[in-house]
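# Observations on chain architecture
Below, each chain spelled out in residue letters.
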Amino acid sequence: MPSLLLLPRVRIISTIRADRIRAVTSAASEDPATAERLYERFTQVQRTGLIDRLRVAAEVGEVRPDADFGSVADAILGSLMYWVTARRSDLSIESVDSLLDVLLRGLRTEPATGS
């Protein structure tokens, strides 16, 4: 049975879409009301979904139930936003998998073994 912790694969962000995200992020940094509207429309749904998925994983014993799932969701979403706003060209499924592995390793209920 696949792990409930496995997050859905993210779609690679096209250059055009990345440019739009950077423009919206810039607008949000200049106006708190715009930032709040953008959070409610875009980020909140993703953040809430990640938190819900982590809670389910905790319920079935895949991750520590004492973890701050809000902080975990913020770290994941913030890291992806960094890739986009920094114009990183190396965002790929593999790089996202690597990021998730590093961020989620500390949530596991059993210590990871090996390298």
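Here's what I pulled together on the structure shown here.

Cut-offs and rules
- Sequence order sets the numbering: in each chain, residues are counted from 1 along the sequence as written.
- Reporting of local features is limited, given that this is a predicted model, to residues whose pLDDT is at least 70; pairs of side-chain atoms are given and counted only at 80 or more, and all residues count toward the totals for whole chains, interfaces and linings.
- By convention in this description, side-chain values take in all heavy atoms of the structure and omit both hydrogens and water.
- Only DSSP runs of H or I with at least four residues qualify as helices, and only runs of E with at least two residues qualify as strands; both kinds are numbered from the N terminus onward.
- Residue contacts are defined here by distance: any two heavy atoms, one from each residue, within 4.5 Å place the two residues in contact.
- The protein chains shown are the only cover counted for residues, whose accessible areas, like all others here, come from Shrake-Rupley with a 1.4 Å probe.
- Side-chain atoms within 4.5 Å are what join buried Ala, Val, Leu, Ile, Met, Phe, Trp, Tyr and Cys residues into a set we call a nonpolar core.
- Throughout, exposure labels follow a simple rule: accessible area from a 1.4 Å probe, protein chains only, divided by the maximum for the residue type, with under 20% read as buried, over 50% as exposed, and the rest as partly exposed.
- Note on bend: at a given residue it equals the angle between the axes fitted to the 7 residues ending there and to the 7 starting there.
- A side-chain nitrogen of Lys or Arg and a carboxyl oxygen of Asp or Glu constitute a salt bridge if their distance falls within 4 Å.
- In this analysis an axis means a line fitted to C-alpha atoms, helices contributing only their contacting stretch, and an angle means the value between N-to-C directions, from 0 to 180 degrees.
- Any angle between 65 and 115 degrees counts as roughly perpendicular, while under 35 counts as roughly parallel, over 145 as roughly antiparallel, and the rest as oblique.
- For any helix crossing, the convention is left-handed if the near helix is rotated counterclockwise from the far helix by under a right angle, and right-handed if that rotation is clockwise.
- We call Asp, Glu, Lys and Arg charged. Ala, Val, Leu, Ile, Met, Phe, Trp, Tyr, Cys and Pro are nonpolar, and the rest, Gly among them, are polar.

### Side note on the overall build of the chain
- What the chain contains, in helices and strands, is four helices and zero strands.
- For the chain, restricting intrachain contacts to residue pairs at least 6 apart in sequence, the fraction spanning at least 24 positions comes to 64%.
- Carbon and sulfur atoms make up 55% of the accessible area of the chain, which totals about 7900 Å².

### What to know about the nonpolar core
- With 19 residues, the main nonpolar core has Phe 69, Ile 76, Leu 104 and Leu 107 as its most contacted residues.
- Of all elements in the fold, only α2 (32-59), α3 (69-85) and α4 (93-105) reach the threshold of two or more residues within this core.
- Broken down by element, the residue count for this core peaks at seven residues, all from α3.
- Residues in contact with Leu 107, not counting those within four places in the same chain, are Leu 54, Glu 62, Val 63, Arg 64, Ala 67, Phe 69 and Val 72.

### Notes on α2
- The largest bend in α2 amounts to roughly 50 degrees and is located at Thr 43.
- Among the residues making up α2, those that are buried are Thr 34, Leu 38, Leu 50, Ile 51, Leu 54, Ala 57 and Ala 58.

### Comments concerning the pattern of salt bridges
- Applying the stated criterion across every chain yields a total of four salt bridges.
- For Arg 47, the salt bridge goes to Asp 74, with nearest N and O atoms at 2.6 Å. On the criterion of sequence distance, the pair formed by Arg 47 in helix α2 and Asp 74 in helix α3 is long-range, its members being 27 residues apart.
- The salt bridge involving Asp 101 is made with Arg 105; its shortest N-O contact spans 2.6 Å. With Asp 101 and Arg 105 both in helix α4, this residue pair falls four residues apart, about one helical turn.

### So, the environment of Tyr 39
- Turning to its location among the elements, Tyr 39 is positioned in helix α2.
- With relative accessibility at 29%, the residue Tyr 39 sits in the partly exposed group.
- Along the backbone, Tyr 39 and Ala 28 are 11 residues apart, and their C-alpha atoms lie at a distance of 9.1 Å.
- In contact with Tyr 39, other than residues within four places in its own chain, are Gln 44 and Arg 47.

### Details of the packing of α2 against α3
- The geometry of α2 relative to α3 is characterised by a closest axis approach of 9 Å and an angle of 130 degrees between their N-to-C directions. Considered as vectors, α2 and α3 are oriented oblique to each other. By crossing handedness, the relation of α2 to α3 is classed as right-handed. Here α2 contributes Thr 43, Gln 46, Arg 47, Leu 50, Ile 51, Leu 54, Arg 55 and Ala 58 to the contact with α3, which in turn contributes Phe 69, Gly 70, Val 72, Ala 73, Asp 74, Ile 76 and Leu 77.
- Residue classes in the contact of α2 with α3 are distributed as nine nonpolar, three polar and three charged.

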